[in-house]
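The chain contents come next:
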Amino acid sequence: MSRLALVTFASETVMGAQVYERAIDSRAKDALGTVSDDWAVQSIVVRSLRSPLAGTHRLPIGWLARASAGSRAAAARLIYPRADLVHRMKVSLPPAPGRDILTLHDIGPWKFPDEAVPPRAAREELLRARAIVTPSAFSAAEIVEMFGVDDPVVIPNGFDRERFDGAEPLSAEALQGLGVHGDFVVAAGGASRRKNLAGLAEAWPIVRRARPNLTLALAGPRNAERDRLFAGLDGVVLVGRLPDAVVPGFLAAAKAIVVPSLYEGFGLPALEAMAVGVPVVAMRASSLPEVVGDAGILVDPTPQALAEGVIWATSNEADLQDLIARGKTRAAAHSWERSAAEHARLWARLV
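Residues numbered from 1 in each chain as written. Predicted model: local features only at pLDDT ≥ 70, side-chain atom pairs only at ≥ 80, totals over all residues. Heavy atoms only, no water.

The protein chain goes by Glycosyltransferase family 1 protein in an unreviewed UniProt entry, where it is assigned to Microbacterium aoyamense.

Below you can see the structure in the form of structure tokens.
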């Protein structure tokens, strides 16, 4: 029997990377069953020494970031089981002593000072890994250029078809309960520098002059910088972190989804917007053109261009229906089941 260990960090906030981790973890056993019945899958959830979150093991997280490759490998031996293959879902996790593969969504932690500091031993561990999984060709090229690794394996993200396909828009009453009234556009996600919320805040007054009855609904964990950027701007509602069950209907009720990011390893909100049949406005930057293609409104990375894209996306022009149809077709090529199946083929090949 072949044994696979999937390793993640415990996280209270579920964002794009955590959605990926949970989707692959929950589908790994079934996906491997299409390759061979002779697999055992174990999920390992690492948490800090004082974390109140659920998990299977504890490690000194701050120490791990500073530790040498040898010390990190020694820590891994304390928590990882005897496995034929260990798949780490984050670079900050210590590498397995045997066959070790890693998911690296992008190199944002090396590019942006407000991101989590990558471990000192990351380069050495990346070069040693049997494979590196990444969600876009854009990220693969950056990983090769920065670290000199050979051929990262590109496996695109997916979406939950049961939840997003044919999602019914939330009722006006449900939207009002979230503080949203009338027509609205959504920007969902984190608030780190790469998400470019400053650019969206600059663009929004331009949109409001053209669309005075349009609301901008900002979804995501509460953040002081987000609050500061949008304080005092008319027509902005901070809805916070929405329950998973509400997200598809919330997106489906929007006039458009805005992805103002200057840097993404994939851009899951863009895919989910296309899946529910809502126009997506995204920057012509990083991986977003790769994900959106001709099925969305790609704009130059400036506030003025972003504003013009949102204005057009909410114009009710006939061309938008063709755009929405292309988006649904493009999204249909992605699913977490397909992504898990590609992971399973990689795991089987490495073992």
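After that view of the structure, there is still more to cover.
Peer 1: Pulling in residues and values, what's your account of the pattern of salt bridges?
Peer 2: For the structure on display, the rule yields 16 salt bridges. Here Arg241 ties to Asp244 by a salt bridge, and the two come within 3.4 Å at their closest N and O atoms. Residue classification places Arg241 among the partly exposed residues on the basis of a relative accessible area of 37%. Here Asp244 falls in the partly exposed class, since its relative accessible area comes to 40%. One connected set of salt bridges, linked through shared partners, spans Arg72, Arg88, Asp100 and Glu125. (Salt bridge = Lys/Arg side-chain N within 4 Å of Asp/Glu carboxyl O. Buried < 20%, exposed > 50% of the residue type's maximum accessible area, 1.4 Å probe, protein only.)

Peer 1: Tell me what's going on with the environment of Leu216, and back it up with residues and numbers.
Peer 2: You can see Leu216 is positioned in strand 9 (residues 215-219). For Leu216, a relative accessible area of 0% corresponds to the buried category. (Helix = DSSP H or I, 4+ residues; strand = E, 2+ residues; numbered from the N terminus.)

Peer 1: Can you break down the sheet that holds strand 1 (residues 2-9) residue by residue, with the values?
Peer 2: Strand order in this open sheet of seven strands is 3-2-1-4-5-6-7, and the pairing throughout is parallel. Only two strands of the sheet have a single neighbouring strand rather than two, namely strand 3 (57-58) and strand 7 (153-154). (Pairing = 2+ DSSP bridges.)

Peer 1: Can you tell me about empty space enclosed by the protein, naming the residues and giving the values?
Peer 2: Under the defined criterion, the tally for this structure stands at one cavity of 30 Å³ or more. The computed volume of the largest cavity comes to approximately 120 Å³. In terms of lining, the largest cavity is formed by 15 residues, of which the most central are Ala187, Ala188, Gly189, Gly190 and Pro260. Residue assignment for the lining of the largest cavity shows that the elements contributing at least two residues are strand 8 (184-188), strand 9 and strand 11 (256-259). Within the lining of the largest cavity, the residues separate by chemical class into nine nonpolar, three polar and three charged. (1 Å grid on protein atoms, 1.4 Å probe; cavity = no way out; pocket = protein on both sides within 12 Å on 5 of 7 lines; lining within 4 Å. Points joined across faces, edges and corners; volume = space filled by probe spheres on them. Nonpolar A, V, L, I, M, F, W, Y, C, P; charged D, E, K, R; others polar.)

Peer 1: Which residues make up the pairing of strand 10 (residues 236-240), and what values go with them?
Peer 2: With four of five residues buried, strand 10 is to be regarded as a mostly interior element. Pairing between strand 9 and strand 10: four bridges, direction parallel. Pairing of Ala217 across the sheet is with Val237, part of strand 10. A crossover connection joins strand 9 to the parallel strand 10 through helix 10 (residues 224-230); in handedness this β-α-β unit is right-handed. (Right-handed = clockwise from strand over helix to strand, strands pointing away.)

Peer 1: Talk me through the side chain of His334; I want residue IDs and the actual numbers.
Peer 2: Mapped onto the elements, His334 comes out in the loop between helix 15 (319-332) and helix 16 (336-350). Not counting the four nearest positions on each side in its chain, His334 is found in contact with Pro156, Asn157, Gly158, Phe159, Arg161, Phe266 and Leu271. (Contact = heavy atoms within 4.5 Å.)

Peer 1: Describe the sheet that holds strand 11, with residues and values.
Peer 2: With parallel pairing, six strands are arranged side by side in an open sheet as 10-9-8-11-12-13. Whereas interior strands pair on both sides, the edge strands pair on one side only; in this sheet they are strand 10 and strand 13 (297-299). Each neighbouring strand pair of the sheet contributes to a mean axis angle of 25°, computed without reference to strand direction. As paired strands, strand 8 and strand 9 are joined by five bridges and run parallel to one another. Across the sheet, the residue bridging to Val186 is Ala217, located in strand 9. Strands in contact with helix 9 (residues 197-210) are strand 8, strand 9, strand 10 and strand 11; relative to strand 9, the strand with the most contacts, it is inclined by about 165°. Those strands touched by helix 12 (residues 268-276) are strand 8, strand 11 and strand 12 (280-283), and its axis lies near 165° from that of strand 11. (Axes fitted to C-alpha atoms, helices over the stretch in contact; angles between N-to-C directions.)

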